[in-house]
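# Geometric and topological summary
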Amino acid sequence: MSGIKTLGQFIIEKQADFPYAKGELSRLLRDIGIASKIVNREVNKAGLVDILGAAGTMNIQGEGQQKLDVFANTQFISALTSGGECCIVATEEEDDFVKIDSPVSKNAKYIVCIDPLDGSSNIDCNVAVGTIFSIYRRKSTNGKATLQDVLQKGTEQVAAGYVIYGSSTMLVYTTGKGVNGFTLDPSIGEFCLSHPNMKIPPNGNIYSLNEGNYVHFPEGVKKYLKYVQVEDKATNRPYTSRYIGSMVADIHRNLIKGGIYIYPTTARSPKGKLRLLYECNPMAFIVEQAGGIASDGFNRILEIEPTELHQRTAIFIGSEHMVHVAESLMLEFSSERKSESRYISGTEAKLEQMGIVGGID
Ligand code: AHG
Ligand code: MN
Ligand code: MN
């Protein structure tokens, strides 16, 4: 098996990075990897079996659930229950968090937040979908874990990852020491290390957002759209627009090629559409670990204090330079939250320095 390193081998090797680790986190990651292979199998045959289409129930956010959402949700919960390392699963698909109370998970210390199937509206047309997960250590030291154990800032994540079910299936994860990507080799049924130490280019020319919501965007985002569309050879503009509608797939592409993904506040979603715990924090941790930036337009996503399970936020995520430009324009033109911005002063000078003041009025 020379030259091939499987996810399982890699996880065990990396355990040495955490001197006091007893292997629990490694087992948890392994459990998620196994569940994702089962979900992958079902996603692959979505066109063949009657698992496709709306399940007829609504999730807490009032969005229609697809059957595969339900399947993936059940699959991850059951893998995490039998694995024994997890005391709570908070999932996008359930109103409340799921307490795991089995004999094997008696002293479990980890909490998993999960979007079991991301981009599920894309399933019935064979477009890439994903799974996003985030792992925290519980804060309380005795009794049952509580909501307060789940409501931790993104900076507290001990690991995060995503699986993309695309033209090939990949699992990408971080434990805070860089980002590594594994491609599923269907012939042996193993995720194999294919993208070691992933880095997002500091700049790029792809922008991804749902421009159909344009009239409802904050002024700063409208200005950024102007900016990306203005011709400027020196900065490779106009940029290219690419939007799949599966956050995992859009961010995965931008991570590899360089780009920015934006889901701002809109009239329909005044607090943003994407969920902090299941989507934004894990993707922010991964992108930061790859050298990029994730912001709500004003501040770091990972520093948002969560107050509720299904909290939403706006997100600007991707290549460092691109997100900085978008944040600067938010600060300049969507000034209602100016005082919260990480840029305390000197915006105009900063915009000029970046060469973005001309041609966008
Ligand atoms: P989910 O399928 O888990 O509900 O997530 C869908 C999310 C995200 O993946 C995607 O980028 C975004 O919603 C698309 O939203 P719009 O259709 O409003 O563009
Ligand atoms: Mn999602
Ligand atoms: Mn989902």
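Summary of the structure given here.

About the criteria used
Residues numbered from 1 in each chain as written. Chains lettered and ligands numbered in written order. Predicted model: local features only at pLDDT ≥ 70, side-chain atom pairs only at ≥ 80, totals over all residues. Heavy atoms only, no water. Helix = DSSP H or I, 4+ residues; strand = E, 2+ residues; numbered from the N terminus. Buried < 20%, exposed > 50% of the residue type's maximum accessible area, 1.4 Å probe, protein only. Pairing = 2+ DSSP bridges. Contact = heavy atoms within 4.5 Å. Axes fitted to C-alpha atoms, helices over the stretch in contact; angles between N-to-C directions. Donors = N, O, S within 2.8 Å, 3.2 Å for Na, K, Ca; no water. 1 Å grid on protein atoms, 1.4 Å probe; cavity = no way out; pocket = protein on both sides within 12 Å on 5 of 7 lines; lining within 4 Å. Points joined across faces, edges and corners; volume = space filled by probe spheres on them. Nonpolar A, V, L, I, M, F, W, Y, C, P; charged D, E, K, R; others polar.

Of note, S120 is situated in the loop between β5 (110–118) and β6 (129–137). A relative accessible area of 11% places S120 in the buried class.

In this section: the sheet that holds strand β17 (residues 315–318). Reading across the sheet, the 5 strands line up as β12-β11-β13-β17-β15 and stay open at both edges, with mixed pairing between neighbours. For this open sheet the edge positions go to β12 (240–241) and β15 (293–295), each flanked by a neighbour on one side alone. Strand direction decides the pairing type here: strand β11 (residues 206–208) and β12, joined by 2 bridges, are parallel. Residue Y207 lies in a different strand from β12, and its bridge partner there is S241. Running at roughly 150 degrees to β11, helix α5 (residues 219–229) makes contact with β11, β13 (260–263) and β17 of the sheet. The sheet strands contacting helix α7 (residues 276–289) are β15 and β17, and the helix crosses β17 at an angle near 30 degrees.

The protein atoms donating to the manganese ion (ligand 2) are D115 (OD), D118 (OD) and E279 (OE), with metal-donor distances spanning 1.9 to 2.2 Å. Linear spacing of the donor residues for the manganese ion (ligand 2) on their chain is D-x2-D-x160-E. Separating the manganese ion (ligand 2) and the manganese ion (ligand 3) is a distance of 3.8 Å, and D115 donates to both of them. Taken together, the residues D118 in strand β5 and E279 in helix α7 connect sequence positions 161 residues apart.

Moving on, we come to empty space enclosed by the protein. Summary: where empty space remains is shown by rolling a probe the size of a single water molecule over the atoms. In the structure shown here, the tally under the stated rule is 1 cavity of 30 Å³ or more. Each pocket or cavity is described by its volume, and for the largest cavity that value is around 40 Å³. L7, I11, L29, I32, G33, F133, L171 and Y173 are the residues that line the largest cavity. If one sorts the elements of the lining of the largest cavity by residue count, helix α2 (residues 24–44) sits on top with 3 residues. Residue composition of the lining of the largest cavity, grouped by class: 7 nonpolar, 1 polar and no charged.

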